[in-house]
Amino acid sequence: MKAEIRKTASRFRHTIGKYRVQRGKQCKSCSGCVVTCPHGVHFKAGTRMGTPRDYLCVGPDACRSRDCFCVEKCPNQALNVVINPQIKALGDFRWTADLLMSTWYQAETGELPTVDLEYRTGNSGGGFDKLRFRFPEKPLQAIPADEIDTSIDLNKRGDNSHRITIALPLYQGGMSFGSVSDSTMVSRATAAMLWGTFGCTGEGGYPEFLYPFDRQMITQVATGLFGVKEETIQRVRIVEFKYAQGAKPGLGGHLLGDKVTDRVAKMREAVKGSALFSPFPFHSVYSVEDHKKHVDWIKAMNPKALVSVKVSTPADVDMVAIGSYYAGAHIVHLDGSYGGTGAAPDIAKKNIAMPIEYAIPKVHRFLVEEGVRDKVTLIASGGIRTAHDVLKAIALGADGVVEGTAGLVALECTRCSSCESGRGCPRGIATTDPELAELVTVDWGAQRVYNLYASWRKQIVGVLQQLGMRSIRELVGRTDCLRHLDYN
Ligand code: SF4
Ligand code: SF4
Ligand code: SF4
């Protein structure tokens, strides 16, 4: 595969769109609407009109203002355009139907949607959805897009460990072997490699099919230690300790027995069909000193490895962050409460940890006050859905983000919350069923994720241009570039 945008259409015949274009029996197949519609919705199939490709429809308002509204131009009043009733059942307040459809579009084309879909924010009524950028009133001198740097450094300690710079201010969150299909894992890893960033094994072992991605993979060491071996720690340049998961802090991990197939059981050295729990916390770590022993343990096996520490966001998360730094971490990874696949229980997501928008500035400020902010990379995850969320997280104080769910949405996840059912993912993403997994091919999946990142990068560059910044690093902690809708 090449590192370039290629149009990669939906796998499904009836793509869900915002509008539904209805053609009545009065239609005389005159082809007038084929000529009228600038978006290719109408087409002729032989002597008859084909079923409208209504997911391309930009809606009545846009067309009426350009005098190309097919409904008004049809000589036989055969057309009607309405909001697609299907979208009422799609998405939720955070991942709205608009966000899902606009992400699918970006994954298909690498571009922003032509349809009037909201692609920047959801409708949660808080957090990132209430923040907007404050741009200078007078336009600044334009900085050419190719002069804008979106890369970040992952080793700021300046020690003897690997020096790693990633081209985008993001890498991928861990999704374990057994929780998503092999082709989903390889698709994501391929996109990460093409963009010069990183994927992550998640808990559950390092399957052989990921070996070609060693240079761009992170080995996760989580509390269950499933699949963790000396060899899996030595393969990679970054090792991530997962102390907790923002979507369910204090609860640990749980892989339902249904997902523990022969292969998963072998990889995790467990018994087929039995549910697997990753406890909370690491029962060997109750202090910064214990934590340091953990980091030393990794360094003894892989002296040049960068160590990332993934923690959830309790009220004292700033103390956790500084402790992690002094224990030797290169990356402090804050995982806020909105992340997780559909397998994370809602009651935990909505009620336990601190939303990531509050945790980032709290930790950033504390690390500045302690004089170590420029020696540690601060990464945020847990609810990063769009390029604008990436930018807002950085303006609040992170160096970069971890992306998880958005990559699955690029593979046409509908956020139906059935991930935990194991074999039942209707889109072949979070499944261990070999037949369902065939719904995602690696070439298709990798290109869709690649395209999504390409669209995000363009948006990041666009915002930096408007702010007059040459590098994403200039945006870190610039809360003055943000405004809250409730206050100003
Ligand atoms: S313009 Fe009207 S009559 Fe002509 S093909 Fe379209 S829908 Fe049918
Ligand atoms: S409303 Fe506009 S975009 Fe939609 S089908 Fe009609 S002409 Fe095409
Ligand atoms: S489509 Fe699949 S991956 Fe997406 S939420 Fe549903 S079950 Fe989970």
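Just so it is clear, the model here is predicted, and its values are computed rather than measured.

### Points about the site of ligand 1
Thinking step 1. Around ligand 1 sit 13 residues, and of these Cys 27, Cys 30, Gly 32, Cys 33 and Cys 74 come closest.
Thinking step 2. Considering only residue class, the shell around ligand 1 consists of 7 nonpolar, 4 polar and 2 charged.

### Focus: helix H11 (residues 356-369)
Thinking step 1. For H11, which comprises 14 residues, the first-to-last C-alpha distance of 20 Å matches the rise-based estimate of 20 Å (1.5 Å per residue) to within 8%.
Thinking step 2. Taken residue by residue, H11 has Ile 356, Glu 357, Ala 359, Ile 360, Val 363, His 364 and Leu 367 as its buried positions. Take H11 and look down its axis: the buried residues cluster within an arc of 160°, on one side only.
Thinking step 3. Against helix H9 (317-327), strand S15 (331-335), strand S16 (377-381) and helix H12 (387-396) lie the buried residues of H11.

### Some points on the packing of helix H5 (residues 182-194) against helix H15 (residues 442-467)
Thinking step 1. In contact at an axis separation of 8 Å, H5 and H15 are set at 45° when each is read in the N-to-C sense. With respect to H15, the axis of H5 lies oblique. Judged by the sense of rotation from one axis to the other, the crossing of H5 with H15 is right-handed. Residue-level contacts link Ser 183, Thr 184, Val 186, Ser 187, Arg 188, Thr 190, Ala 191 and Leu 194 of H5 to Val 442, Gly 445, Ala 446, Val 449, Tyr 450 and Tyr 453 of H15.
Thinking step 2. Looking at the contact of H5 with H15 residue by residue, the class counts come to 8 nonpolar, 5 polar and 1 charged.

### Brief notes about the domain arrangement of the protein chain
Thinking step 1. Taken as a whole, the protein chain is organised into domain 1 (19-83) and domain 2 (145-484).
Thinking step 2. Once you take the C-alpha centre of each, domain 1 and domain 2 turn out to be 44 Å apart.

### A closer look at unusual backbone geometry
Thinking step 1. With a phi close to 55°, Asp 67 is a non-glycine residue in the positive phi region.
Thinking step 2. Note that Asp 67 resides in the loop between helix H2 (60-65) and helix H3 (70-73).
Thinking step 3. The phi dihedral of Glu 412 is positive, around 80°, even though this residue is not glycine.
Thinking step 4. What makes Glu 412 buried here is the crowd of 25 C-beta atoms within 10 Å.

### Structural notes on H5
Thinking step 1. Taking 1.5 Å per residue, 13 residues should reach 18 Å; H5 reaches 18 Å between its end C-alpha atoms and fits that length.
Thinking step 2. With 12 of 13 residues buried, H5 is to be regarded as a mostly interior element.
Thinking step 3. By the burial criterion, the buried members of H5 are Ser 183, Thr 184, Met 185, Val 186, Ser 187, Arg 188, Ala 189, Thr 190, Ala 191, Ala 192, Met 193 and Leu 194.
Thinking step 4. Considering only its buried residues, H5 is in contact with strand S8 (170-172), strand S9 (199-200), strand S10 (217-222), helix H13 (405-410), helix H14 (434-437) and H15.
Thinking step 5. One or two positions beyond H5, positive phi appears at Gly 196, with a value near 70°.

### Brief notes about the sheet that holds strand S17 (residues 400-403)
Thinking step 1. Judged by pairing direction, the sheet is parallel, and its 8 strands sit side by side in the order S8-S17-S16-S15-S14-S11-S10-S9 without closing on themselves. The outermost strands of the open sheet, each flanked by one partner alone, are S8 and S9.
Thinking step 2. Set on the sheet, H9 makes contact with strand S14 (306-311) and S15; between it and S15 the angle comes to about 155°.

### Points about the nonpolar core
Thinking step 1. Among the nonpolar cores identified, the biggest contains 129 residues, and Val 390 and Ala 393 are the most heavily contacted of them.
Thinking step 2. The greatest single-element share of this core, amounting to 11 residues, is contributed by H15.
Thinking step 3. Both domains that meet at this core, namely domain 1 (19-83) and domain 2 (145-484), each give it at least three residues.

### Details of the pairing of S15
Thinking step 1. Of all the 5 residues making up S15, 5 are buried; the element is thus mostly covered by neighbouring parts of the structure.
Thinking step 2. Judged by which residues are buried, S15 turns out to be covered on both faces: Ile 331, His 333 and Asp 335 on one side and Val 332 and Leu 334 on the other are all buried.
Thinking step 3. Here S14 pairs with S15 via 4 bridges, running parallel. Note on S15: the bridge partner recorded for Val 311 is Leu 334.
Thinking step 4. Viewed along the sheet, the connection from S14 through H9 into S15 turns out right-handed.
Thinking step 5. For S15 and S16, the ladder comprises 5 bridges, and the chain directions are parallel. Looking at S16, one finds that His 333 is bridged to Ile 379.

### Quick word on the packing of H9 against H11
Packed helix pairs are specified by the crossing angle of their axes together with the interaxial distance, meaning the distance between the axes.
Thinking step 1. For the pair H9 and H11, interaxial distance at closest approach is 9 Å and the crossing angle is 50°. One element, H9, and the other, H11, form an angle in the oblique class. Along this stretch, H9 crosses H11, giving a crossing that reads as right-handed. Contacts between H9 and H11 involve Val 317, Asp 318, Ala 321 and Ile 322 from the former and Ala 359, Lys 362, Val 363, Phe 366 and Leu 367 from the latter.
Thinking step 2. Residue composition of the contact of H9 with H11, grouped by class: 7 nonpolar, no polar and 2 charged.

Scoring rules and cut-offs
Residues numbered from 1 in each chain as written. Chains lettered and ligands numbered in written order. Predicted model: local features only at pLDDT ≥ 70, side-chain atom pairs only at ≥ 80, totals over all residues. Near = placed C-beta within 6 Å. Nonpolar A, V, L, I, M, F, W, Y, C, P; charged D, E, K, R; others polar. Helix = DSSP H or I, 4+ residues; strand = E, 2+ residues; numbered from the N terminus. Expected span 1.5 Å × (residues − 1). Buried ≥ 20, exposed ≤ 12 C-beta atoms within 10 Å, placed from the backbone. Arc of directions from axis to C-beta. Contact = placed C-beta atoms within 7 Å. Axes fitted to C-alpha atoms, helices over the stretch in contact; angles between N-to-C directions. Parallel < 35°, antiparallel > 145°, perpendicular 65-115°, else oblique. Left-handed = near helix turned anticlockwise from the far one by under 90°. Domains from an automatic or database assignment. Pairing = 2+ DSSP bridges. Core = buried A, V, L, I, M, F, W, Y, C linked by C-beta atoms within 7 Å. Right-handed = clockwise from strand over helix to strand, strands pointing away.

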